[in-house]
Amino acid sequence: MLVPLPLVLAALLGAPALASLPRAHPGQPAPHLLFGSSATSSSSSEFAINGLSQPLDSSSSNDIAGEAQCSDESPSSSSASTTTTKAKAKKSVRVPPKHLNSRASPSLAKKGTVTVVKNPKAVLNPKWKAGGSSSSAVAAAGTGKSNAKVYGPGLGTFSYLPRPSTFVKRSGSGLTLDGNEYRIVGPNIYWLGLDENVVPNPSYPDQGRVREAFAIAAAMGANTVRSHTLGVSTGNSLSVWPSWGNTNAAAFVPIDYAIWAARNYGIRLIIPLTDNYAYYHGGKYDFIGWAGLDTSDGSQFYTSAATKIFKQYISVLLNHVNTFTGVALKDDPTILAWETGNELGGYMLQEGAPPQSWTQSIASYIKSIAPNHLVSDGSDGLVDLSGSLMNTGFGASSVDMVTDHFYPAMDWLLNKDDGYLKSSTSKNFFVGELDWTNQHGGDSLSSFYSILENMTGSGSMMWSVFGHDAQCCNYVEHNDGYSLMYPNGNTAALQKQALLVVQHWYRMRGLTAPSALPAVACPQPALEL
């Protein structure tokens, strides 16, 4: 999402902005200004190859003209060869912020050098097995080849987490896994269940893209991914619920696959259950409409009629048995938390926070179905524009976590959140979304991350990660100005920002931070049943 201009100015001035903005209605963009992206690739940026910092050598690249030739290269070569190709430049399409547009958002490519690795033969974790060793144990996975040229699961030297087999728990304001501290770090990858950035739009994402996305997260040091479309899936023909009570089994296939892939890559998930806005993948206005209420009034979502239907949807989702793992979503430790919604109440809670009674009702209902999962309040932040505490999740006993979104990074707001959090010993806090680019004002990532790292138990996520298309030829991008096309799809300046993110996540996990961006194999090997 994008931050309102008054808040950009406030961030530059180091103080809260006192302003009111119009509320978004169904089918309309949220009240944010649109910042375009002018990112282009750099052909000389450094990446970690075999633990060494080396520049990609564009002088030896093969200049392949266009997608068709790139697509014709067989990804099933038996050798783990590395091919450097030039991505075909396409006309940039300007679209509304974040993922607001359900129509025109095609796959975009950037000029520059793209590293394509054919069949790296990385060994992934086996499929689901009941029980197993402690989740905090070190997983043994690798190719056994000392000359591997790229990072990926089982390749390179970055820390690769084992398959989740036990649940993350809350202890006071912190989280634990097998008795050890667990601090949430990772990207938003919102499109894993349904993608608007491809043609036709929307479509279920290619499974190879899903695998690469999780490989990117793992290489970046992530232990968690937040993904809207794994839980928000209502109101269109490709949704879990195209209409009230009409369950579409086909829509569960990409959701199941993404959860299974996350498990294989050692990544846990935070899954929102609805959205404050009428996005292509659904949102609260679907439930308002199904209840026969006024869809011009978003507050109708919190009425008993809409809440009843929302709970029915939650039940269908949580009780669903994953077709790849054979495990019901409610019983899968891959899922760290369910979020009651995404950005409920609007940016800085300008629409008003959800009623505490509603939040408690939804959180306790989730707990009744999935008692081992955590619940995050889905309100958009803790405070209003004046800096006063407005979040109602603080007072909901069944809520484990609260969150805030930062567009851009604002030290004053994070310090304000921290002040209120110190008065509560029962809620964990994580930054659910963050403008990592530093292109839209605000404070530096370094100062923002310094505060965050010193907040007890805090977590840190950013918006948002993209990899390549299904042929590993071109980057897929959502043109909101926040796409991290990992590792070398952005400008050299943004790649430096990306490295700050990676280093921060490694520090949050108590790991030695890399000096260069770990590269990721594309394509990733197929998962085997």
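See the structure shown above.
This section reports on the structure supplied with the text. (Residues numbered from 1 in each chain as written. Predicted model: local features only at pLDDT ≥ 70, side-chain atom pairs only at ≥ 80, totals over all residues. Heavy atoms only, no water.)

## Some points on the overall build of the protein
Each helix and strand in the protein was counted, giving 10 helices and 18 strands. By residue count, 60% of the 529 residues in the protein fall in the buried class. For the protein, restricting intrachain contacts to residue pairs at least 6 apart in sequence, the fraction spanning at least 24 positions comes to 76%. With the model as given, the accessible surface of the protein reaches about 18,000 Å², and the carbon-plus-sulfur share is 52%. (Helix = DSSP H or I, 4+ residues; strand = E, 2+ residues; numbered from the N terminus. Buried < 20%, exposed > 50% of the residue type's maximum accessible area, 1.4 Å probe, protein only. Contact = heavy atoms within 4.5 Å. Areas by Shrake-Rupley, 256 points an atom, 1.4 Å probe, with all protein chains shown as cover.)

## Concerning the nonpolar core
Of all hydrophobic cores here, the largest spans 106 residues; its most connected members are Leu192, Phe214, Trp338 and Phe429. Among the elements that take part in this core, helix α4 (residues 249-264) stands out by supplying 9 residues, more than any other. Counting 12 residues, the second-largest nonpolar core is a separate cluster that includes Leu175, Ile184, Ile270 and Leu336. (Core = buried A, V, L, I, M, F, W, Y, C linked by side-chain atoms within 4.5 Å.)

## Some remarks on the environment of Asp294
Considering the arrangement of structural elements, one finds Asp294 in the loop between α5 (284-290) and α6 (304-319). On the basis of relative accessibility, which here comes to 43%, the residue Asp294 falls in the partly exposed class. In contact with Asp294, other than residues within four places in its own chain, are Ile288 and Gln300.

## So, the packing of α6 against helix α7 (residues 356-369)
Running from amino to carboxyl end, α6 crosses α7 at an angle of 25°, the nearest separation of the two axes being 10 Å. Relative to α7, the element α6 is oriented roughly parallel. Relative to α7, the crossing made by α6 is right-handed. The segment α6 lies against α7, with Thr307, Phe310, Lys311, Ile314, Ser315, Leu318 and Asn319 engaging Trp358, Ser361, Ile362, Tyr365, Ile366 and Ile369. Across the contact of α6 with α7, the residue classes tally to 8 nonpolar, 4 polar and 1 charged. (Axes fitted to C-alpha atoms, helices over the stretch in contact; angles between N-to-C directions. Parallel < 35°, antiparallel > 145°, perpendicular 65-115°, else oblique. Left-handed = near helix turned anticlockwise from the far one by under 90°. Nonpolar A, V, L, I, M, F, W, Y, C, P; charged D, E, K, R; others polar.)

## With respect to α4
The end-to-end C-alpha distance of α4 is 23 Å, a good match for the 22 Å that 16 residues give at a rise of 1.5 Å each. With respect to burial, α4 is a largely interior element, 13 of its 16 residues being buried. The backbone nitrogen of Ala250 lies 3.2 Å from a side-chain oxygen of the residue at the head of α4, namely Asn248. Just downstream of α4, Gly266 is the residue with a positive phi angle, here 70°. (Expected span 1.5 Å × (residues − 1). Polar contact = N/O pair within 3.5 Å; in protein donor to acceptor, adjacent residues only side chain to side chain.)

## Topic: the state of the cysteines
The final tally for this structure, using the stated rule, is 1 disulfide. Each sulfur of the disulfide joining Cys472 and Cys522 lies 2.0 Å from the other. One quick way to see it: the torsion about the S-S bond of Cys472 and Cys522 is about -85°, and its sign makes the bridge left-handed. Here Cys522 lies in the segment after β18 (517-518) and Cys472 lies in the loop between β16 (465-466) and β17 (484-485), a separation of 50 residues in the sequence. The exposure classification of Cys472 matches that of Cys522, with both residues buried. (Disulfide = S-S within 2.5 Å.)

## Some thoughts on the pairing of strand β15 (residues 459-463)
By the criterion of burial, β15 is predominantly enclosed, with 5 of the 5 residues buried. Because side chains alternate across β15, one face comprises the buried residues Gly459, Met461 and Trp463, and the other comprises Ser460 and Met462, equally buried. Pairing geometry for strand β8 (residues 185-188) and β15, over 4 bridges, is parallel. Among the inter-strand pairings, Pro187 is bridged to a residue of β15, identified as Met462. Where strand β14 (residues 428-434) and β15 come together, 2 bridges link them in parallel fashion. Directly across from Val431, in β15, lies its bridge partner Ser460. For the segment spanning β14, helix α9 (residues 445-453) and β15, crossover handedness is right-handed. (Pairing = 2+ DSSP bridges. Right-handed = clockwise from strand over helix to strand, strands pointing away.)

## Observations concerning the sheet that holds strand β5 (residues 169-171)
Taken in spatial order, the 3 strands of this open sheet run β5-β6-β7, and their pairing is antiparallel. Across the chains shown, the open sheet's two edge strands, defined by having one partner strand only, are β5 and β7 (180-181). As paired strands, strand β6 (residues 174-177) and β7 are joined by 2 bridges and run antiparallel to one another. Residue pairing for β7: Thr176 is matched across the bridge by Glu181.

## Thoughts on the pattern of salt bridges
Applying the stated criterion across every chain yields a total of 8 salt bridges. Linking Asp418 and Lys422 is a salt bridge whose minimum nitrogen-to-oxygen distance equals 3.5 Å. One salt bridge in this structure joins Arg507 and Glu453, with 2.8 Å as the shortest N-O distance. A residue pair is termed long-range when its members are at least 10 positions apart, and Arg507 in helix α10 (residues 492-508) and Glu453 in helix α9 qualify at 54 residues. When its relative accessible area of 42% is taken as the criterion, Arg507 is described as partly exposed. We classify Glu453 as partly exposed; its relative accessible area is 22%. Connected via shared salt-bridge partners are Arg170, Lys367 and Asp400. (Salt bridge = Lys/Arg side-chain N within 4 Å of Asp/Glu carboxyl O.)

## A word on the side chain of Asp256
With respect to the helices and strands, Asp256 occurs in helix α4. Although Asp256 is buried, it makes no salt bridge; Arg263 carries the closest opposite charge, 13 Å away. Discounting chain neighbours no more than four positions away, the residues touching Asp256 are His320, Val321, Asn322, Thr323, Phe324 and Leu329. (Lys, Arg positive; Asp, Glu negative; His and termini not counted.)

## Considering α9
Every buried residue belonging to α9 is among Leu445, Phe448, Tyr449, Ile451 and Leu452, and all of these are buried. Projected onto a plane normal to the axis of α9, the buried residues spread over an arc of 155° and lie on a single side. In the core, the buried residues of α9 are packed alongside β13 (401-406), α8 (411-421), β14, β15 and α10. (Arc of directions from axis to C-beta.)

## Considering the packing of aromatic side chains
This structure, assessed with the given rule, holds 22 aromatic pairs. With a centroid separation of 5.0 Å and an interplanar angle of 80°, the aromatic rings of Tyr302 and Trp358 are classed as edge-to-face. Of this pair, Tyr302 sits in the loop between α5 and α6 while Trp358 sits in helix α7, and the two are 56 residues apart along the sequence. Of the residues examined, Tyr302 reaches a relative accessible area of 16% and is grouped as buried. These aromatic residues form a ring-pair network of at least three members: Trp241, Phe287, Trp290, Phe301, Tyr302, Phe310, Tyr313 and Trp358. Arg209 extends its terminal NZ or CZ atom over the ring of Trp191, reaching a point 4.2 Å from the ring centre. (Phe/Tyr/Trp six-rings, centres within 6.5 Å; stacked < 30°, edge-to-face > 60°. Lys NZ or Arg CZ within 6 Å of the ring centre and 35° of its normal.)

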